[in-house]
Amino acid sequence: GGGGSLELGEDDWVGRHFKDAKVVPGLRRSLFKDKRPLGDLVVACMPFYARAVGTGHSVAATRFVYLNATFFSIAPVWRHVAVFVQNSGDADYLRRDSGLPLFEVVEVAGLDNPKLLGVATVIEMRRKFASGEWAQFEWAFFTESDQVLHLRPWQLPQLLGAADSRNLIAPHRFLPFPHPRDYEPGFFEEMKGMNGGLKRELGALMEKRLVDVADPERARCCFDTGDCKKRNQWVDFYEKPGKPAPAGAAAPEVHLIRVAGSTALLNGEGNLFKMSYRTCRLQEAGECPKKNS
């Protein structure tokens, strides 16, 4: 149901980095004899909805752009990309017009409410594994069609070694925030004049510390290891630097990070509506601590 296969050259890092499965204790012995790269043992899955009246804030044309950016960030790692849709219009676009070399386009039958497409995608994924349709895969990577993937290539064996029927591995979801250095002179001030809420947010943003990561290959941003059911350790975006952090917070303040020339990124994840964030502490090298200090 896709548009062909993605050809990756000899210099592709999938082939270069993922042949040494036996060095990772967590990988099953049955995989040691498999000659395929580890990336080929994973199917990447995402729901996609655009043609009818959408949910969220993105118009249909923008969603196609997001889908393209997401696909080309994933395909060099996991070349088997399956997209799940709710209507024939989206299915036809993906198969005939998108030009994306998808592994499979799955139209979920009988789903009237597109808001349920994410849940329906997971259910259909489980059915395909249980029925043997996807017997060639050992793992599934589930994402959304507007989430660009950043992955250190040599870490895939460790990630797959830790993922099993009891353990899920989830990536950080960094938030890009506008910063004066990312725009033409004057445009940032123009944005501040659009409405009162934006003026307050951007004004506070200009006071935030901006840290350029020296070595993106070794750096980490370490979250707390506290109670996930509570948010007592979350930090208010508008909190002034220097105030003691909430107990258990990994970092005492919300600040910005720039990685390899990227736009400014928030050091954490959280609630955009309440402007409250679970911060992570930037660490230039070494592994993150397993417990809060």
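(A) Representation of the environment of V235 within the structure. Tracing the sequence through the fold places V235 in strand β7 (residues 235-236). It is 7.3 Å that separates the C-alpha atoms of V235 and P252, two residues lying 17 residues apart in sequence. Among all residues touching V235, those that are not within four sequence positions of it are P246, A249, A251, P252, E253, V254, M275, S276, Y277 and T279.

(B) Structural detail: the sheet that holds strand β3 (residues 104-107). Reading across from one edge, β3-β2-β1-β4 is the order of the four strands in this open sheet, with parallel pairing throughout. Both edges of this open sheet fall to β3 and β4 (139-142), since each of them pairs with a single strand only. Ignoring which end each strand starts from, the neighbouring axes of this sheet average 25° apart. Sheet topology places strand β2 (residues 80-85) next to β3; four bridges connect them, and they run parallel. Opposite V83, over in β3, you have V105 as the bridge partner. Of the strands in this sheet, β1 (42-47), β2 and β4 touch helix α2 (residues 60-74), which is tilted by about 170° from β1.

(C) Broad picture of helix α7 (residues 196-205). Among the residues making up α7, those that are buried are E201, L202, A204 and L205. With its buried residues spanning 160° around the axis, α7 presents them on a single face. Exposed side chains of α7 directed beyond 90 degrees from the buried face belong to G196, K199 and R200.

(D) Up close: the sheet that holds strand β8 (residues 256-258). Spatial strand order, β5-β8-β9: three strands in an open sheet with mixed pairing. Of all the strands in the sheet, just β5 (210-212) and β9 (265-266) have a single pairing partner and so form its edges.

(E) Local environment of the nonpolar core. Counting residues in each nonpolar core, the largest one holds 29 residues, and the members touching the most others are F48, I74, W78, V81, V83, L94 and L102. Elements with a minimum of two residues in this core: β1, α2, β2, α3 (88-97), β4 and α5 (156-162). Each residue touching L94, except ones within four places of it in the same chain, is listed here: F48, L67, V83, V85, L102 and V105. Residues A204, V235, L266 and M275 belong to the second largest nonpolar core, which totals 16 residues.

(F) Here's a closer look at the environment of C222. Tracing the backbone through its elements, the reader meets C222 in strand β6 (residues 220-223). Judged by its relative accessible area of 2%, C222 falls in the buried class. C222 sits 65 residues away from E287 along the chain, and the two C-alpha atoms are 8.7 Å apart. Once residues within four sequence positions are removed from consideration, C222 is found in contact with A250, T279, C280, R281, Q283, C288 and P289.

(G) Broad picture of the pattern of salt bridges. The full count for this structure, using the stated rule, is 13 salt bridges. Among the salt bridges present, the one from R96 reaches D92, with a minimum N-O distance of 4.0 Å. Taken together, the residues R96 and D92, both in helix α3 and four residues apart, mark about one turn of the helix. The exposed category is assigned to R96, whose relative accessible area is 62%. On the basis of relative accessible area, D92 is assigned to the partly exposed category, the value being 30%.

(H) Up close: the side chain of T143. Inspection of the secondary structure assignment puts T143 in the loop between β4 and α5. When its relative accessible area of 8% is taken as the criterion, T143 is described as buried.

(I) Molecular detail of the state of the cysteines. According to the stated counting rule, one finds two disulfides in the structure shown. Across the disulfide from C221 sits C280; the S-S distance is 2.0 Å. Residues C221 and C280 are joined by a disulfide whose S-S torsion is about 85°; by sign, that bridge is right-handed. Here the residue C221 occupies a position in strand β6, and C280 occupies one in strand β11 (residues 276-283), the gap between them amounting to 59 residues. Taking relative accessible area as the criterion, C221 reaches 9% and is therefore assigned buried. Since its relative accessible area comes to 0%, C280 is described here as buried. Two residues share a disulfide in this structure: C222 and C288, whose sulfurs sit 2.1 Å from each other. In this structure the cystine formed by C222 and C288 twists about its S-S bond by roughly -80°; its chirality is therefore left-handed. Of this pair, C222 sits in strand β6 while C288 is found in the segment after β11, placing the two residues 66 residues apart along the sequence. The connectivity of the disulfide-linked cysteines in the chain, indexed sequentially, is 1-3, 2-4.

Conventions used here
- Residues numbered from 1 in each chain as written.
- Predicted model: local features only at pLDDT ≥ 70, side-chain atom pairs only at ≥ 80, totals over all residues.
- Heavy atoms only, no water.
- Helix = DSSP H or I, 4+ residues; strand = E, 2+ residues; numbered from the N terminus.
- Contact = heavy atoms within 4.5 Å.
- Pairing = 2+ DSSP bridges.
- Axes fitted to C-alpha atoms, helices over the stretch in contact; angles between N-to-C directions.
- Buried < 20%, exposed > 50% of the residue type's maximum accessible area, 1.4 Å probe, protein only.
- Arc of directions from axis to C-beta.
- Core = buried A, V, L, I, M, F, W, Y, C linked by side-chain atoms within 4.5 Å.
- Salt bridge = Lys/Arg side-chain N within 4 Å of Asp/Glu carboxyl O.
- Disulfide = S-S within 2.5 Å.

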